[in-house]
Amino acid sequence: MASTSATSLSIGSTLSFGHKSRSLAQPKPLGVRLKSHASLASFSGLKATTSVSCEAESSFLGKESGVALQRSVARKPQKQSQRLQYHLQPRASFKVAILGAAGGIGQPLSLLIKMSPLVSALHLYDIANVKGVAADLSHCNTPSQVLDFTGASELPNSLKGVNVVVIPAGVPRKPGMTRDDLFNINANIVKSLVEAVADNCPDAFIHIISNPVNSTVPIAAEILKQKGVYDPKKLFGVTTLDVVRANTFVAQKKNLRLIDVDVPVVGGHAGITILPLLSKTRPSVSFTDEEVEELTVRIQNAGTEVVEAKAGAGSATLSMAYAAARFVESSLRALDGDGDVYECSFVQSDLTELPFFASRVKLGRKGIEALIPSDLQGLTEYEQKALDALKPELKASIEKGVEFAQKQAVAA
Ligand SMILES: NC(=O)c1ccc[n+]([C@@H]2O[C@H](COP(=O)([O-])OP(=O)(O)OC[C@H]3O[C@@H](n4cnc5c(N)ncnc54)[C@H](O)[C@@H]3O)[C@@H](O)[C@H]2O)c1
């Protein structure tokens, strides 16, 4: 297993504030902790080779890559045995599969995951165009081996032995489309991919990105139940982009240091079901009623902002890849034994009367260790009204997903 010290990547956008032993009742900031200024300095992962020497341990490129770069700068002759040892004994130990890896999200997400020192193998699956993506990525001198898999016949092998499966396969929104318009196409894609996950790596963490997440996660749960392998602790709807956006917009609005800001986002992942809990923002900050309204609406519609700006060329891909990479990195840290990992995600839940609900969760080796209820306590009147208002829409989207999966089972 890779040691935790090698995992101080810079994918997360928040810091912990030194409250390492915070109880569950007191939520800690979301996301990946940055352990040193060295991590911050290497945030982009793009740096001149001359500065590698002091930051190899915490580099975004991973220690081994840093060492390799140092060697290349020093131009010391390298023994064959040293190079072999690097290849045969990487610190990285987890396998990650990306289904839909050749897409707008899949490609940058694959690149970001290729940069993780925790990943030993990166399996890229798509129905087309994935060979070139894999060949391109495989030239990056980071620890993971990149393998490509094309088409349904290669899907099972892409999933064997995998610890985390990320699913961004599907069609993105076009202007004028809602996430629910995507339902029929993406529901079938998610169904067939999750069936393969159930057959080939039932113990893996499953990260669903394909929209509408409010329905595709319940579909995945039903499929896994039908296959007799459903573990609610390991099925996640990726809502990290909502948190990333909330943190960014709040920091801009209130002139805060971006890296400090932490806003929990609960509910679901479409329109009004996205509920940023601005009253729970850390560091503590006050908002006028107008600011709350403006920020909430902007966070809820941020996806549409991108869809319209891209004018027909798709939806958010780069920020989504960044957010998904952060969620993968958090999952890998949890799998690696870090007992201090919290993220927001859309998961099976009993925090409200709805069977699925996005909230902050604590991640551990076996998946979700705890749902964090405290964010939902002491809501403002605005937040409570918004929570009440989102429930019928979220309930309907969940039921639509469950009905779809159950009908498919009857028809089969
Ligand atoms: N959760 C979120 O926050 C969030 C944010 C943005 C987009 N999305 C969703 O992510 C999905 C992908 O978006 P994108 O912009 O990358 O789309 P894209 O069209 O650029 O890429 C989708 C990829 O999926 C592949 N694909 C299609 N059917 C497949 C199948 N059966 N098996 C494997 N791969 C398959 C395509 O070949 C393509 O490479 C969309 O559903 C989009 O709505 C989610």
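Just above sits the structure.
Everything numeric in this text was worked out from a predicted model, so none of it was measured. (Residues numbered from 1 in each chain as written. Predicted model: local features only at pLDDT ≥ 70, side-chain atom pairs only at ≥ 80, totals over all residues. Heavy atoms only, no water.)

(A) Layout of the overall build of the protein. When helices and strands are tallied, the protein shows 13 helices and 11 strands. Put simply, the protein has 412 residues, and 55% of those count as buried. A fraction of 71% describes how many contacts in the protein between residues 6 or more apart in sequence connect residues 24 or more apart. In the structure as shown, the protein presents an accessible area of about 17100 Å², 54% of it carried by carbon and sulfur atoms. (Helix = DSSP H or I, 4+ residues; strand = E, 2+ residues; numbered from the N terminus. Buried < 20%, exposed > 50% of the residue type's maximum accessible area, 1.4 Å probe, protein only. Contact = heavy atoms within 4.5 Å. Areas by Shrake-Rupley, 256 points an atom, 1.4 Å probe, with all protein chains shown as cover.)

(B) Representation of the nonpolar core in the model. Leu99, Leu159, Val165, Ile167, Ile208 and Leu235 are the most contacted members of the largest nonpolar core, which has 49 residues in total. Within the residue set of this core, elements represented by two or more residues are strand 1 (94-99), helix 6 (155-159), strand 4 (164-167), helix 7 (183-200), strand 5 (205-208), helix 8 (213-226), strand 10 (356-364) and helix 13 (381-411). With residues up to four places along the chain from it excluded, the contact list for valine 165 reads Ala97, Leu99, Leu159, Val197, Cys201, Ala204, Phe205, Ile206 and His207. With 43 residues, the next largest nonpolar core counts Ile98, Ala101, Leu109 and Phe236 among its residues. (Core = buried A, V, L, I, M, F, W, Y, C linked by side-chain atoms within 4.5 Å.)

(C) Spotlight on the site of the ligand. Taken together, 27 residues surround the ligand, and among them Gly104, Ile105, Asp126, Pro168 and His269 come closest. Within the contact set of the ligand, an oxygen atom lies 3.3 Å away from a backbone nitrogen or oxygen of glycine 170. A distance of 3.1 Å separates a nitrogen atom of the ligand from a polar backbone atom of isoleucine 209. Considering the ligand on its own, with 870 Å² of exposed area, one finds that the protein chains cover 86% of that surface. For the shell around the ligand, the secondary-structure elements that each account for two or more residues are strand 2 (119-126) and helix 7. (Near = heavy atom within 4 Å. Polar contact = N/O pair within 3.5 Å; in protein donor to acceptor, adjacent residues only side chain to side chain.)

(D) The arrangement of the pairing of strand 9 (residues 341-348) in detail. Of all 8 residues making up strand 9, 7 are buried, and the element is well covered by its neighbours. Note: strand 9 against strand 10, 8 bridges, orientation antiparallel. Note on strand 10: the bridge partner recorded for cysteine 344 is arginine 360. (Pairing = 2+ DSSP bridges.)

(E) The arrangement of the environment of leucine 277 in detail. By the element assignment, leucine 277 lies in the loop between strand 8 (274-276) and helix 10 (289-300). Spatially, the C-alpha atoms of leucine 277 and aspartate 375 are 7.7 Å apart, while their sequence positions differ by 98 residues. If sequence neighbours within four positions are ignored, leucine 277 has contacts with Val263, Pro264, Val266, Asp375, Leu376, Leu379 and Glu383.

(F) Up close: unusual backbone geometry. Omega for the peptide link from asparagine 211 to proline 212 comes to -5°, which places this bond in the cis form. Relative to the helices and strands, proline 212 resides in the loop between strand 5 and helix 8. Here arginine 282 and proline 283 are connected by a cis peptide whose omega angle stands at -5°. Looking at where proline 283 falls in the secondary structure, it is placed in the loop between strand 8 and helix 10. Even without being glycine, asparagine 255 reaches a positive phi, approximately 55°. Mapping asparagine 255 onto the fold places it in the loop between helix 9 (240-254) and strand 7 (265-267). The phi dihedral of alanine 311 is positive, around 45°, even though this residue is not glycine. Considering the arrangement of structural elements, one finds alanine 311 in the loop between helix 11 (302-310) and helix 12 (318-335). For alanine 311, a relative accessible area of 61% puts it in the exposed group.

(G) Focus on the pattern of salt bridges. Across all of its chains, the model carries 16 salt bridges by this definition. Here lysine 225 and glutamate 222 are joined by a salt bridge, their closest N and O atoms 3.1 Å apart. Of the two residues, lysine 225 and glutamate 222 both sit in helix 8, 3 residues apart, roughly one turn of that helix. Judged by its relative accessible area of 45%, lysine 225 is partly exposed. Linking lysine 254 and glutamate 291 is a salt bridge whose minimum nitrogen-to-oxygen distance equals 3.0 Å. Separated by 37 residues along the polypeptide, lysine 254 in helix 9 and glutamate 291 in helix 10 bring together distant segments of the chain. A relative accessible area of 23% means that lysine 254 is categorised as partly exposed. Given the relative accessible area of 16%, glutamate 291 is considered buried. Among the charged side chains, a network of salt bridges with common partners joins Asp262, Arg360 and Asp375. (Salt bridge = Lys/Arg side-chain N within 4 Å of Asp/Glu carboxyl O.)

(H) Just helix 7, in detail. For helix 7, which comprises 18 residues, the first-to-last C-alpha distance of 25 Å matches the rise-based estimate of 26 Å (1.5 Å per residue) to within 8%. Of the residues making up helix 7, those classed as buried are Phe183, Asn186, Ala187, Val190, Lys191, Leu193, Val194, Ala196, Val197, Ala198 and Asn200. (Expected span 1.5 Å × (residues − 1).)

(I) Up close: the packing of helix 4 (residues 106-114) against helix 12. As a packed pair, helix 4 and helix 12 sit with axes 8 Å apart at the nearest point and diverge in direction by 35°. As for how helix 4 packs across helix 12, the hand of that crossing is right-handed. Mapping the contact onto sequence places Pro108, Leu109, Leu112 and Ile113 in helix 4 and Leu318, Ala321, Tyr322, Ala324, Ala325 and Val328 in helix 12. In terms of residue class, the contact of helix 4 with helix 12 is built from 10 nonpolar, no polar and no charged. (Axes fitted to C-alpha atoms, helices over the stretch in contact; angles between N-to-C directions. Left-handed = near helix turned anticlockwise from the far one by under 90°. Nonpolar A, V, L, I, M, F, W, Y, C, P; charged D, E, K, R; others polar.)

(J) Structural context of the packing of aromatic side chains. Applying the stated criterion across every chain yields a total of 4 aromatic pairs. Measuring from centroid to centroid gives 6.1 Å for phenylalanine 346 and phenylalanine 356, while their planes differ by 35°, and the two rings are tilted. Remark: phenylalanine 356 occurs in strand 10 and phenylalanine 346 occurs in strand 9; sequence separation between them is 10 residues. For phenylalanine 346, a relative accessible area of 0% gives the class buried. Residue classification places phenylalanine 356 among the buried residues on the basis of a relative accessible area of 5%. In this structure an aromatic cluster arises from ring pairing among Phe205, Phe236 and Phe327. The side chain of arginine 298 reaches across the aromatic face of phenylalanine 249, ending 3.7 Å from its centre. (Phe/Tyr/Trp six-rings, centres within 6.5 Å; stacked < 30°, edge-to-face > 60°. Lys NZ or Arg CZ within 6 Å of the ring centre and 35° of its normal.)

From the geometry alone we can't say anything about function, so treat these as descriptive.
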